[in-house]
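# Structural overview
If you want the building blocks of each chain, they are given just below.
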Amino acid sequence: MLKLHNVHKSYGNNEILKGVDLEIKKGDIIVILGPSGSGKTTFLRTINYLERADQGTVDFDDIHADLKSASKKEVSEIRRRTGFVFQNYNLFANKTALENVTEGLIVARKIPKAQAIETAKKALERVGLGDRCGYYPSQLSGGQQQRVGIARAIAANPEVILFDEPTSALDPELVGEVLNVMKDLAKEGATMIVVTHEMSFAQQAATEVVYMEGGVVVEKGSPQEIFSHPKDEKTVRFLKRILRQDFDYAI
Ligand SMILES: Nc1ncnc2c1ncn2[C@@H]1O[C@H](COP(=O)(O)OP(=O)(O)OP(=O)(O)O)[C@@H](O)[C@H]1O
Ligand SMILES: [Mg+2]
């Protein structure tokens, strides 16, 4: 359904992505793991043109587009099919939860206001915030703000939802409510690419785990393969550090 091929991106002389490939099928939950600075956010942002790659292609069902030189029409078509959930929510502080969700529907998707409000309410209900429509971000907890962020991403029914460390800005006690919403979406058949350090989510929800380091995909496989039988010593080193346990991996 969605295929990224040979994605390259540099900032100045610094090559951040060195030829990343990724393929996702409908209903897949791909979790991307990797140390800080390995290019996970950059990669996710190139998928829907929040960032322009220097090289690479994207295939999205019937669309084949160049990541560097796509036309406006191709960019808007790919954006229409994807939702993005940001680490820091990226909500408008001066808009209510409902307005934050309707904004994109009205402005980008040209949906009539009344219909956008209906759609946004349903999305907020799906993330458990049906009773918070009129609240401003400052009146919501971090977990609630991120759930508004998820409602905004899913409101227009994207084919793929991209999550960039959606829980890493949250206090530990608020992480669970956001992960539960994500697990519900996964159960309902959503297709998702999730950058996260939440290993329990990766173990429970992922259909595939991708380990990135230094701008390349080092290793990928089922959660079972990656967590119980990692093959590359870089993966082992990362897992040991992050799980803070002395795993006895046989490579
Ligand atoms: N706009 C930018 N300009 C210059 N360098 C950038 C820019 N964005 C990212 N970088 C650099 O690219 C590298 C990869 O950043 P990226 O945010 O993709 O990493 P990450 O894997 O998401 O890390 P983290 O786990 O900390 O979020 C970093 O070295 C970063 O400094
Ligand atoms: Mg990041």
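These notes cover the structure that comes with them. (Residues numbered from 1 in each chain as written. Chains lettered and ligands numbered in written order. Predicted model: local features only at pLDDT ≥ 70, side-chain atom pairs only at ≥ 80, totals over all residues. Heavy atoms only, no water.)

## Digging into helix 9 (residues 233-243)
Among all positions of helix 9, only T235, V236, F238, L239 and L243 are buried. Down the axis of helix 9, the smallest arc covering the buried residues is 165 degrees, so these residues share one side. Among the exposed residues of helix 9, those oriented more than 90 degrees off its buried face are E233 and R241. In the segment just after helix 9, R244 is the residue with positive phi, at about 45 degrees. (Buried < 20%, exposed > 50% of the residue type's maximum accessible area, 1.4 Å probe, protein only. Helix = DSSP H or I, 4+ residues; strand = E, 2+ residues; numbered from the N terminus. Arc of directions from axis to C-beta.)

## Side note on the pattern of salt bridges
In the structure shown here, the tally under the stated rule is 10 salt bridges. Of the charged contacts in the structure, one is a salt bridge between R81 and D61, with a shortest N-O distance of 3.8 Å. Here R81, found in helix 2 (residues 72-81), pairs with D61, found in the loop between strand 4 (55-60) and strand 5 (63-66); they are 20 residues apart in sequence, far enough to count as distant. Its relative accessible area of 44% is what places D61 among the partly exposed residues. (Salt bridge = Lys/Arg side-chain N within 4 Å of Asp/Glu carboxyl O.)

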